[in-house]
2 protein chains.
Amino acid sequence: MEKNKIPYKIYLPEEEIPKKWLNLKAFMKEQHDPFLNPATLKPCTKDDLRPVFCDKVIDQELNCTDKYIDIPEGIRDFYKMYRPAPLVRAYELEKALGTPAEIYYKFEGNNTSGSHKLNSAVAQAYYAKEQGITSLTTETGAGQWGTALSMACAFYGIDLKVYMVKVSSEQKPYRKEVMRTYGAEVIPSPSETTKVGRAILKEHPNTGGSLGCAISEAIEVATSTPDCRYVLGSVLDHVTLHQSVIGLEAKAALDKYGVQPDIVIGCAGGGSNLAGLIAPFMAEKLEGKNNIEFIAVEPASCPSLTRGVYAYDFCDTGKTTPLARMYTLGSGFLPSPNHAGGLRYHGMSPILSKLYHDGYMTARSVEQTKVFEVAEMFARCEGILPAPESSHAIRVAVDEALKCKETGEHKKILFGLTGTGYFDMSAYKAFNDKTMNDFIPTDADLKEGFKSLPDIPQNAGVRG
Amino acid sequence: MEKNKIPYKIYLPEEEIPKKWLNLKAFMKEQHDPFLNPATLKPCTKDDLRPVFCDKVIDQELNCTDKYIDIPEGIRDFYKMYRPAPLVRAYELEKALGTPAEIYYKFEGNNTSGSHKLNSAVAQAYYAKEQGITSLTTETGAGQWGTALSMACAFYGIDLKVYMVKVSSEQKPYRKEVMRTYGAEVIPSPSETTKVGRAILKEHPNTGGSLGCAISEAIEVATSTPDCRYVLGSVLDHVTLHQSVIGLEAKAALDKYGVQPDIVIGCAGGGSNLAGLIAPFMAEKLEGKNNIEFIAVEPASCPSLTRGVYAYDFCDTGKTTPLARMYTLGSGFLPSPNHAGGLRYHGMSPILSKLYHDGYMTARSVEQTKVFEVAEMFARCEGILPAPESSHAIRVAVDEALKCKETGEHKKILFGLTGTGYFDMSAYKAFNDKTMNDFIPTDADLKEGFKSLPDIPQNAGVRG
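Residues numbered from 1 in each chain as written. Chains lettered and ligands numbered in written order. Predicted model: local features only at pLDDT ≥ 70, side-chain atom pairs only at ≥ 80, totals over all residues. Heavy atoms only, no water.

*Asks:* It is not clear to me how the relation of the copies chain A and chain B should be interpreted in this structure. Could you clarify?
*Replies:* Both copies of the chain are placed relative to one another by a rotation about an axis and a shift along it. Each copy of the sequence occupies a distinct position, and chain A is placed on chain B by a rotation of 180 degrees and an axial shift of 0.0 Å, giving an RMSD of 0.0 Å. Here the transformation between the copies is reduced to the relation of a two-fold axis. Taking the C-alpha atom as reference, chain A places A:Asn110 closest to the rotation axis, 3.2 Å from it. Of the interface residues in chain A, 100% have counterparts in chain B that sit at the interface too, so the contact is made through matching surfaces. (Least-squares fit on C-alpha atoms with pLDDT ≥ 70 in both. Contact = heavy atoms within 4.5 Å.)

What follows is the structure, given as structure tokens:
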């Protein structure tokens, strides 16, 4: 019986936690366009980035040649506390759907941050410590990234200031409390602690804040404090590098049972979890060794891949960062308030954007009521309460499995279950109470967002 | 290097999930005194219990002879979705304490209910289904048990009504929402849905409810509805039987590395997790094969073992259940509002009470501020945010490890980490804000509680 062959959960032994990250860029025939300094429109140099980021992650950010990069022992020791994460065969979901497809998911929610975010937080905090950095700053919206970095900083003994979007810190007091328990200072943003915060408060005293503003405050503190740096939890190439542990473990687990997926699916906000999940599979595809279908899933309310443009844009709404060429809705695009805070980002990882642009992966957008339908179903049959973000991937995995039911195809589907929804019960409440709505931007809404794209030569022809 | 020998986490392979539960009673030289029917003061028969509980669990409740009891395949299939639970070597905690002791913990929080409660919920729901029962009722306070049973009922397709202590359902709306997501009907208790609820509301219209009242409502519905039964999440012998998977897995994992613990520690509210953790180790002790020290840890605010009496008492404050001989503070004892809802129970598992009474285990009570001190420390170095209940065990494990630091002893300490604290952040907030107080009942408080003990011959000499 096959059921006896492949267990419900495959846990790799501890010694098989990856010893190297996979640097997907080194497998790509063409690199994504370089980050540009917005003042000069010239490619960013290491020196441009040094005041903001730690040296080691800048090296990783700009490394396009090394296919594998060593994971230091000090990072692996932390990884051992919560990794390897299980690769799960969704027997009960398959049964509930009555599908001939095999469904697998890599579950990254079995740690206190509740998501994959810890994989990069640990790495970035470790490198900061190694460089003699004594404090870090970051921003957080929904709170998973802030929690992950708090845990990492507590472990390595680094002070941390988290600028948390004010409206989130008010809606999620318990998220804030988890970060405090891990020793972080959580500051609702905008705040009186920075120049940019004070200026915004003067102009908009009642604002609930935004990620863009929180980023600007965190960068201001990092660049004006001795031995302090800023860290980011998604989008950038070094973050996707760290997240490759997801895919490497998933592939190693499947290889043990001779399973090669036909489809790999992940949700995509900034894109780091998806880039991490697909890394080793995509590397093989780029080498012509497989023909796997890769699907990025995004909310219909914030459809950067499916309805955005491929253009140079700022990574933050405050327009303080370097310019990245990526699929974007414009840094001025304001997504409607959907219930997947982690997917409400105007842009997309430059690596994923390039792969998508070059035809190596596809993308779909889904409406949140359809997402919560499968989230609830998944919770009831697989016993894990999924995060709203992760449930976007479940939606498409279920859709594909149902297609197999019609066609009789025996496809093997792998998706990333990035996290748990314990701190998202207000979203489930809206679904249970049937007060949840879908938000789909009109073409006019999108056009308005594209107006915020920087007016630079490289963008000629793509601005709305 | 020893560090390379024993991994951070030992996961048993799936096929090593126990195939049988261990029935500790069958190893005990003397049984605990029988449950009594309060009307006749005669031992409860199966027929007394049949209107309330499912037949199979009544058989298990009264089984004192079979040392091992088969776990049906249908239960093991559910177990496979979240078990085996990891046995963790607390390398980072040892390092932080600078102790020569080895510290191990069995982590039961890696499932959506957030605790060990699921182990018995699955079994009880399975047996209900097998018997043709179509609906179940239960009560819940803090909500972990209610969540666990909701998950089990969703899986086996059984309707569930959860009577949730009204004040808890108001304080923890998100806990309630998790249960709703798993399809349970959650009713704040006291309610208008039962006779007993209506009577209480008439007398005390503004009451916040109590576990005792919620139990009474749940039993009333179970006994007055066709094909409906009531289920309990702790205290009773069949619940401790189901929880033996904790200890069996822990022992199997340690045996693989030749580790025999010197001390086994667990928190104790109703006692089921502790009874489950110690089961195989205690069975060996009862056979004269080891001399392990077993320590039950309870809150100083609700010290049933350390300051209670060994007497016949009701299991609920409403005085509707059979009488159990156990360590108790009296069913009328009102523990001060501490932050470990799962440990605020006036009595203690009859099996554990008997073992304690006969000198096979010891008990300690700890104050909650001391508990949260180590909870925070543990979270920061081990990366898991522990439940307040579980943190009672951490407190004593740390105390023992620090003793080893003084004496230089190389003891091996095992404790049960029963669950996570994601829904207990208001407690952590009180600790972080330094507004948490300790509550220690005075002798007069205890005397008041003992007055509620039933005035029956068996209690002569122990009533306060």
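More follows now that the structure is in view.
*Asks:* Even after reading the chapter, I still don't get the interface of chain A and chain B, so can you show me in this structure?
*Replies:* For an interface, size is often stated in terms of accessible area lost upon the parts coming together. Facing the 42 residues of chain A at the interface are 42 residues of chain B. Buried surface at the junction of chain A and chain B, both sides included, amounts to about 4100 Å², of which 56% is carbon and sulfur. Ionic pairing is found between B:Lys9 and A:Glu14, a salt bridge with its closest N-O pair at 3.8 Å. At the surface where chain A touches chain B, the tally comes to 24 residue pairs in polar contact (both at pLDDT 80 or more). (Buried area = accessible area lost by both parts, 1.4 Å probe. Salt bridge = Lys/Arg side-chain N within 4 Å of Asp/Glu carboxyl O. Polar contact = N/O pair within 3.5 Å; in protein donor to acceptor, adjacent residues only side chain to side chain.)

*Asks:* Just to check I follow, could you spell out the side chain of B:Ser150 for this structure?
*Replies:* All names here are of chain B. Relative to the helices and strands, Ser-150 is located in helix 7 (residues 144–156). The exposure class of Ser-150 is buried, given its relative accessible area of 1%. Ignoring any residue separated from it by four or fewer positions in sequence, one finds Ser-150 in contact with Leu-160, Val-162, Met-179, Tyr-182 and Ala-184. (Helix = DSSP H or I, 4+ residues; strand = E, 2+ residues; numbered from the N terminus. Buried < 20%, exposed > 50% of the residue type's maximum accessible area, 1.4 Å probe, protein only.)

*Asks:* It is not clear to me how the sheet that holds strand 9 (residues 228–230) of chain B should be interpreted in this structure. Could you clarify?
*Replies:* Two strands in a sheet stick together by hydrogen bonds in their backbones, pointing the same way (parallel) or opposite ways (antiparallel). Residue and element names in this part refer to chain B. If you trace the four strands from one edge of the open sheet to the other, you get 8-7-6-9, paired in parallel fashion. The open sheet is flanked by strand 8 (185–189) and strand 9, the only strands paired with a single partner. Here the average twist between neighbouring strands, direction ignored, is 25 degrees. In this fold helix 7 packs onto strand 6 (135–140) and strand 7 (159–165), with an angle of close to 165 degrees to the strand it touches most, strand 6. (Pairing = 2+ DSSP bridges. Axes fitted to C-alpha atoms, helices over the stretch in contact; angles between N-to-C directions.)

*Asks:* For this particular structure, what's the right way to read the packing of aromatic side chains?
*Replies:* For any pair of aromatic rings, the description rests on two quantities: the centre-to-centre distance and the angle between the ring planes. Residue and element names in this part refer to chain A. Taken as a whole, this structure holds 38 aromatic pairs over all chains when the rule is applied. On the numbers, 5.0 Å between centres and 55 degrees between planes, the contact of Tyr-8 with Tyr-91 is tilted. Here Tyr-8 is found in the loop between helix 1 (2–5) and strand 1 (9–10), whereas its partner Tyr-91 is found in helix 5 (residues 91–97), with 83 residues between them in sequence. In this structure, Tyr-8 and Tyr-91 share a single accessibility class: buried. In this structure an aromatic cluster arises from ring pairing among Phe-78, Tyr-79, Tyr-82, Tyr-126, Tyr-127, Phe-155 and Tyr-156. (Phe/Tyr/Trp six-rings, centres within 6.5 Å; stacked < 30°, edge-to-face > 60°.)

*Asks:* Is there a simple way to explain the packing of helix 17 (residues 368–382) of chain B against helix 19 (residues 425–432) of chain B in this structure?
*Replies:* Each pair of packed helices can be summarised by the angle the axes make with each other and by the distance between the axes. Residue and element names in this part refer to chain B. Following both chains from N to C, one finds helix 17 and helix 19 inclined at 100 degrees, their axes separated by 11 Å at the closest point. Classed by the angle they form, the pair helix 17 and helix 19 counts as roughly perpendicular. Counting all contacts with helix 17, which are made through Thr-369, Phe-372, Glu-373, Ala-375 and Glu-376, the residues of helix 19 involved are Ala-427, Tyr-428, Phe-431 and Asn-432. Looking at the contact of helix 17 with helix 19 residue by residue, the classes come out as five nonpolar, two polar and two charged. (Parallel < 35°, antiparallel > 145°, perpendicular 65-115°, else oblique. Nonpolar A, V, L, I, M, F, W, Y, C, P; charged D, E, K, R; others polar.)

*Asks:* How should I be thinking about the pattern of salt bridges in this particular structure?
*Replies:* In a structure, side chains of opposite charge can pair up when their charged atoms sit close to one another. Residues and elements named next belong to chain A. Evaluated as defined, the whole model comprises 68 salt bridges over all chains. Here Glu-16 makes a salt bridge to Lys-256, at a shortest N to O gap of 2.9 Å. Here Lys-256 lies in helix 13 (residues 244–256) and Glu-16 lies in the loop between strand 1 and strand 2 (20–22), a separation of 240 residues in the sequence. Looking at Glu-16, the relative accessible area reads 33%, which means it is partly exposed. We classify Lys-256 as partly exposed; its relative accessible area is 44%. Here the salt bridges share partners, and the residues they tie into one network are Glu-73, Arg-76, Asp-77 and Lys-80.

*Asks:* Please explain the sheet that holds strand 6 (residues 135–140) of chain A as it appears in this structure.
*Replies:* Residue and element names in this part refer to chain A. Here we have four strands laid out as an open sheet, ordered 8-7-6-9, and parallel in their pairing. Each edge of the sheet is formed by a strand with only one pairing partner; in this case those strands are strand 8 (185–189) and strand 9 (228–230). Between one strand axis and the next, the sheet turns through 25 degrees on average, direction left out of account. Bridge analysis of strand 6 against strand 7 (residues 159–165) gives six bridges, and the strand direction is parallel.

*Asks:* Looking at this structure, I do not really get the pairing of strand 10 (residues 263–267) of chain B. What am I missing?
*Replies:* For a regular strand, side chains alternate in direction, first toward one face of the sheet and then toward the other. Residue and element names in this part refer to chain B. Across the five residues that make up strand 10, a large majority, five, are buried. Judged by which residues are buried, strand 10 turns out to be covered on both faces: Ile-263, Ile-265 and Cys-267 on one side and Val-264 and Gly-266 on the other are all buried. One ladder, built from five bridges, connects strand 10 with strand 11 (residues 293–299); its direction is parallel. Note that in strand 11 the partner of Cys-267 across the bridge is Val-297. Handedness of the crossover joining strand 10 and strand 11 through helix 14 (residues 272–286) is recorded here as right-handed. Bridge analysis of strand 10 against strand 15 (residues 412–417) gives three bridges, and the strand direction is parallel. Within strand 15, the position partnered with Ile-263 by the bridge is Ile-413. (Right-handed = clockwise from strand over helix to strand, strands pointing away.)

So yeah, pure geometry; function would need other evidence.
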